[in-house]
Structures are given as structure tokens and as C-alpha cells.
Amino acid sequence: VDERVTLLGYTSDPKAAEHAVQFDDDGNVTRGYRGPGWDHNINGQEFEIVRGLSGEAVQILKKPDETTIRQDLQKLYDAGYISLAVVLVHSYTFPDHELFIGSIAKSIGFTQISLSSQLLPMIKMVPRGVSSTADAYLTPVLRSYLDGFFDGFDEKLKTGDLETARVEFMASDGGLLDLDHFSGLKSILSGPAGGVVGYALTSWDDNERSPIIGLDVGGTSTDVSRYDGRYETVYETTTAGITIQSPQLDINTVAAGGGSCLMFRNGLFLAGPESAGAEPGPGQTAKGGPLAVTDANLLLGRLIPDYFPKIFGPNEDQSLDIDASRVAFEKVAEEINKEFGTKLSLDEIVYGFIKVANETMCRPIRTLTEARGFATSKH
């Protein structure tokens, strides 16, 4: 989008406040910028100056052209794109141009329009842009799931017209949101956040005031958190190299869970980050899946097949297949002993993988405790 907006004034100016543009109560300029540079007059042209949401003076050098934008968006829509993220440099304080583009996109037929100025009006453009893109990608998927959820209930429950009950959703910051305000960006860590709120309400003792460590081990990851009488919130997180700006409970996630694949590679025992997933699942499900942490626990006797329903195998009518897990581990054991020239037993190798997985899960615990000066033993 060819739009040009700049801020008047220099942050390095020691007299920035004294030189700043002044406005009256209606937002009209009463005095131009008095510091270095120009304000109203650039290259002989007169430019509009408005007061931004942050109180900064915003100079509009070029407004977006409606015809050009409509043509470009129509091309995207005709190509099959229905979800759009809009990110402009100074929209955190001057959102008008983003709102203008959003209105055009809506009139064309885009079903999801994520405006960075409405999602998180913060200065940093790149994280704001990545976050808006994530919202544009996730929200349609989330809405599709929620539509299926509400199909099983009275229609009034979705519209909020049902007085006897209401539906609210857990957000990543531990709060509750109604359907109209729930979006993909706000739901990224909603599951782990629900766990934090749950154990905080059930395990915290106001008299003892002993801090709590939360350990949420799932199929592909482990979420670790800490509660010390208040919820710890962060506003920027980086996961797998992607920085997201959104209020979230401080939850550290590592790629190690029950479905994390176990591999021997370059002389190292590895647990994750690859996952066996739900299909085919770990090797014990008798569907030809890879070795996973769950297979190791099965061979070590920590999982009892008789306690599980017969829902595994190609026809989903078999018990956990411990023989499949053993055969797969024997192949890995042969490779390991050949590599090192040792005669490690199968149990030693299996337990070695478990220790690697445990260490991976322990790292975020140390990050939230010892790295911050808290004794883990006091939790």
C-alpha cells in the first residue's frame, strides 16, 4: 500500500517536549513544530497534521488511493485469498488508513480482516505484523471449530440471547472472552492458560503462600509455569523463531511430550522436537508409527496395557502393542551398541531416552525458578 505517514519531532531532541506540535482540545494545530526540520512545509507542499492516539503529531504525506487498493485486493480475492492482515508503520497511533483499507476489503468479500491497530496498537511494526498475520491465519480455523461447537446447541447461545447460560472462552492471558472478542491471536496459549488458572485456584494456600510450579505434559509439548500469588503476564513471546505480541501468561513451552519421537542421531539420544502425532501415533499403537516417549514408558512398565481400552491397531480393536515397541527399540539398541562398541542392555537404552526427555522438560522449570533467583526446592 502506497501510503506515507511520519511523526513530527525527533526523539533525540533534548528539548522535544518544548519543541513539540501543540493542539487544542479539538485536535487542531495551534503551533507548529519548533525543533530542527520542517513541519507544515516540505518541498514546497502543505501536508495535513493530526494528533495521533498516543498524543504524537502525525504528518500525512500521502493518503492511500482507493482505486489502486480496491484493484489490488480484488486480484487477491479472485486468486482465492479470503483472509487478510493489514499492517502499516504508524497505525498504532494513526489507525485511520488501516481502517480505510479494512473497509474496502470487507466490501470486496474478505471473510477475515486482521488490522494490527485493532489487535495490538504497539510501536514495533515487525512483531505487530507477524502477530496480525498469525491472527489472520488462525482465526478462520478457530471460527470454523466454534461454529461446529455451537451447532449442537440452541442458536440463542451463540448470539448471547439465552439468559440462562452463556459461553465464554479462555484467552492466553487467563481471562475470559465472549465469542465476539475471541480471536486466533488471543487463543494461542488458551489451553495452557486454563491449566495455570486451574491449579492457581485449587493449589494456592493464602496462609502457607508456597509458590507452585505447573507442569502440563501433553502429546507434543510440555508447558511449565509458576504461580506465587499473582499471575505473571508477558506481552511478547518468541516460539520457534516467531515473535508474537499479545498479552499471555508467562508459560515456557518445550517440544517434549508423550508423543515426542525418540531417535539416535549423530551419536546423540534425541527426544523431539518431532512428534508421532495422533495418526499414526507412537509405535505401541500398532499403526506403524515411530518410537516415542510413551513407548519407552510402556517398556519400562510405567504403562499397564490392561488398563487401556482396546482402541488401537489398524481396526482400532487392539490393546497397546508392547511387542511393536520392543522390536523398534531393539533396532535402535543395535545401532547404538554398534556405534559405541558397547553392550548396553535394552532397559539402559530405553531409560537413557527417558532421562533425555526429562532433562528437556526440566529446563523451563529451572528457567522460571533458579534463573530468577528462586529455589526450586521451596516450591
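Each remark here, short or long, concerns the structure printed above.
The present account deals with the structure reproduced in this document. All values derive from a computational prediction rather than experimental measurement.

**Regarding the pattern of salt bridges**
In the structure shown here, the tally under the stated rule is 14 salt bridges. Between Asp-2 and Lys-62 there is a salt bridge, with the nearest N and O atoms lying 2.5 Å from each other. Taken together, the positions of Asp-2 in the segment before β1 (4-7) and Lys-62 in strand β7 (residues 57-62) put the pair 60 residues apart, joining distant regions of the chain. For Lys-62, a relative accessible area of 34% gives the class partly exposed. Taking the shortest distance from any N to any O, the salt bridge between Arg-366 and Glu-359 comes out at 2.9 Å. Classification of Arg-366 by relative accessible area gives partly exposed; the value is 34%. What you see here is one network of salt bridges that share partners, running through Arg-226, Asp-228, Glu-232, Asp-250 and Arg-372.

**Structural notes on the sheet that holds strand β6 (residues 48-51)**
Taken together, three strands build an open sheet; the order of strands is β1-β7-β6 and the sheet is antiparallel. Two strands in the sheet have a free side with no partner beyond their single neighbour: β1 and β6. Neighbouring strand axes in the sheet, compared pairwise and without regard to direction, differ in orientation by 30 degrees on average. Summarising the sheet, β6 and β7 pair through four bridges and their orientation is antiparallel. Counterpart to Ile-49 in the pairing with β7 is Gln-59.

**Examining the packing of helix α9 (residues 322-340) against helix α10 (residues 346-368)**
Running from N to C, α9 and α10 cross one another at 95 degrees; their axes reach a closest spacing of 10 Å. The angle between α9 and α10 places the two elements in the roughly perpendicular class. Every residue of α10 that contacts α9 at Arg-326, Phe-329, Glu-330, Val-332, Ala-333, Ile-336 and Asn-337 is listed here: Leu-346, Ile-349, Val-350 and Phe-353. Along the lines of polarity and charge, the residues of the contact of α9 with α10 split into eight nonpolar, one polar and two charged.

**Considerations on the nonpolar core**
Core analysis: the biggest nonpolar cluster contains 17 residues, and Leu-262, Phe-329, Ile-336 and Phe-353 have the highest contact counts within it. Of all the elements in the fold, those that place two or more residues in this core are β17 (260-265), β18 (268-275), α8 (293-299), α9 and α10. It is α10 that contributes the most residues to this core, five residues altogether. If we skip the residues at most four places from it in the chain, Phe-353 touches Leu-262, Met-263, Phe-264, Phe-269, Leu-270, Phe-329, Val-332 and Ile-336. One finds Leu-73, Val-86, Ile-101 and Leu-115 within the second-largest nonpolar core, a separate group that totals 11 residues.

**What to know about the sheet that holds strand β13 (residues 222-227)**
If you trace the three strands from one edge of the open sheet to the other, you get β12-β13-β16, paired in antiparallel fashion. Edge positions in the open sheet fall to β12 (212-217) and β16 (252-254), since each of these has one partner strand only. Here the strands of the sheet are splayed against their neighbours by 20 degrees on average, with no regard to which way each runs. Against the sheet, helix α7 (residues 190-203) contacts β12 and β13, and its axis sits at roughly 40 degrees relative to β13.

**Quick word on the packing of helix α2 (residues 66-78) against helix α3 (residues 96-108)**
Packing of α2 against α3 brings their axes to within 10 Å, and their N-to-C directions diverge by 45 degrees. As judged from the angle between their axes, α2 and α3 are oblique. For the crossing formed where α2 meets α3, the hand is right-handed. Taking contact as the criterion, the partners of Glu-66, Ile-69, Arg-70, Leu-73, Gln-74 and Tyr-77 in α2 are, on α3, Phe-100, Ile-101, Ile-104, Ala-105, Ser-107 and Ile-108.

**Structural notes on the environment of Val-1**
Positionally, Val-1 belongs in the segment before β1. C-alpha of Val-1 to C-alpha of Ile-101: the two residues are 100 residues apart in sequence and 9.1 Å apart in space. Discounting residues that sit within four places of it in the chain, Val-1 has contacts with Pro-64, Ile-69, Leu-88 and Ile-101.

Each value, and the rule that gives it
Residues numbered from 1 in each chain as written. Predicted model: local features only at pLDDT ≥ 70, side-chain atom pairs only at ≥ 80, totals over all residues. Heavy atoms only, no water. Salt bridge = Lys/Arg side-chain N within 4 Å of Asp/Glu carboxyl O. Helix = DSSP H or I, 4+ residues; strand = E, 2+ residues; numbered from the N terminus. Buried < 20%, exposed > 50% of the residue type's maximum accessible area, 1.4 Å probe, protein only. Pairing = 2+ DSSP bridges. Axes fitted to C-alpha atoms, helices over the stretch in contact; angles between N-to-C directions. Parallel < 35°, antiparallel > 145°, perpendicular 65-115°, else oblique. Contact = heavy atoms within 4.5 Å. Nonpolar A, V, L, I, M, F, W, Y, C, P; charged D, E, K, R; others polar. Core = buried A, V, L, I, M, F, W, Y, C linked by side-chain atoms within 4.5 Å. Left-handed = near helix turned anticlockwise from the far one by under 90°.

Don't take any of this as a statement about function, it's just geometry.
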